[in-house]
Amino acid sequence: MAKLRITWTKSAIGYEERQKRTIKALGLKRLHHSVEHDDNDTIRGMAHKVQHLVSVEEVE
């Protein structure tokens, strides 16, 4: 199954609390931290909501 590598690239300061909670729910702890998740609709949706704060790449 494909995986997504999500990297936190921009600070969440000044953004809504909802977006900060999404960052934490993805498992990101600090700037430039990366996590890998299975590629599914839920994770893609969360990444899409904070697409201005993270970078997403597909990993095999």
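Residues numbered from 1 in each chain as written. Predicted model: local features only at pLDDT ≥ 70, side-chain atom pairs only at ≥ 80, totals over all residues. Heavy atoms only, no water.

*Asks:* Please clarify how helix H1 (residues 17-25) should be interpreted in this entry.
*Replies:* Since there are 3.6 residues in each turn of an α-helix, residues three or four apart along the chain are aligned in direction. Residues of H1 that are buried: Gln-19, Thr-22 and Ile-23. For H1, the buried positions fall inside an angular range of 100° around the axis, keeping them on one side. In H1, the exposed positions angled more than 90 degrees off the buried face are occupied by Arg-18, Arg-21, Lys-24 and Ala-25. For H1, the elements touching its buried residues are strand S1 (3-8), helix H2 (41-49) and strand S3 (54-59). (Buried < 20%, exposed > 50% of the residue type's maximum accessible area, 1.4 Å probe, protein only. Helix = DSSP H or I, 4+ residues; strand = E, 2+ residues; numbered from the N terminus. Arc of directions from axis to C-beta. Contact = heavy atoms within 4.5 Å.)

*Asks:* Looking at this structure, I do not really get the nonpolar core. What am I missing?
*Replies:* Side chains of nonpolar character tend, in soluble globular proteins, to be buried together. By size, the foremost hydrophobic cluster in this structure holds 13 residues, and its most contacted members are Ile-6, Ile-23, Leu-26, Leu-28, Val-50, Leu-53 and Val-54. Of all the secondary structure elements, the ones that give two or more residues to this core are S1 and H2. With residues up to four places along the chain from it excluded, the contact list for Ile-6 reads Leu-26, Leu-28, His-33, Ser-34, Val-35, His-37, Ile-43, Ala-47, Val-54, Ser-55 and Val-56. (Core = buried A, V, L, I, M, F, W, Y, C linked by side-chain atoms within 4.5 Å.)

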